[in-house]
Amino acid sequence: MAEERRLDGNAIGGVMIELFGVEMTTVPGSCGNCGAHEQMAETDVYLDAPGIVVRCRHCQNVLIRIVRGNGRTWLDLSGLSSLELPL
Ligand SMILES: [Zn+2]
């Protein structure tokens with residue numbers, strides 16, 4: 001994977017607001033692989049993976065996959081053990 005394609009979690013701020021309805025870049029999440037606890041802004045994001053892939057900055061585990069097409073969004077959160085959403 002090319003270094004220049006790697007962005008941080010701010011790159012998906014707009015998409016996450018659409019999906020979750022809240023500002024997500026400051027939301028803490030826990031990696032399901034290594035247990036790292038970081039804000040979403042502190043992840044590695046690949047926008048052309050295909051779809052959007054969000055990886056743990058510590059172990060490169062895939063935390064989130066987002067694929068959009070045909071008027072739908074497929075959201076895979078299986079790499080996260082938790083997200084702490086504001087009320
Ligand atoms: Zn991790």
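Residues numbered from 1 in each chain as written. Predicted model: local features only at pLDDT ≥ 70, side-chain atom pairs only at ≥ 80, totals over all residues.

K.L.:
Honestly, unusual backbone geometry in this entry has me stumped. Any pointers?
P.N.:
As a rule of thumb, non-glycine residues mostly have phi less than zero, and peptide bonds are mostly trans rather than cis. Cis geometry is found at the peptide bond from Ala49 to Pro50, where omega equals 5 degrees. Looking at the element boundaries, Pro50 is found in the loop between strand E4 (44–46) and strand E5 (52–55). In this structure, Gln60 is a non-glycine residue whose phi angle is positive, near 70 degrees. Relative to the helices and strands, Gln60 resides in the loop between E5 and strand E6 (62–69). Since 13 C-beta atoms lie within 10 Å of it, Gln60 is described here as partly exposed. One non-glycine residue with positive phi stands out, namely Asn70, at about 50 degrees. With respect to the helices and strands, the residue Asn70 is situated in the loop between E6 and strand E7 (72–76). A residue is classified by how many C-beta atoms lie within 10 Å of it, and Asn70, with 5 of them, is exposed. (Helix = DSSP H or I, 4+ residues; strand = E, 2+ residues; numbered from the N terminus. Buried ≥ 20, exposed ≤ 12 C-beta atoms within 10 Å, placed from the backbone.)

K.L.:
Looking at this structure, how should I read the nonpolar core?
P.N.:
Across soluble globular proteins, nonpolar side chains have a tendency to be buried as a group. Membership of the largest hydrophobic core comes to 13 residues, with the highest contact counts inside it found for Ile12, Met16, Val45, Ile52, Val54, Leu63 and Ile64. When contributions to this core are tallied by element, the ones reaching two or more residues are E5 and E6. Excluding residues that lie within four positions of it along the chain, Met16 makes contacts with Met24 and Met40. (Core = buried A, V, L, I, M, F, W, Y, C linked by C-beta atoms within 7 Å. Contact = placed C-beta atoms within 7 Å.)

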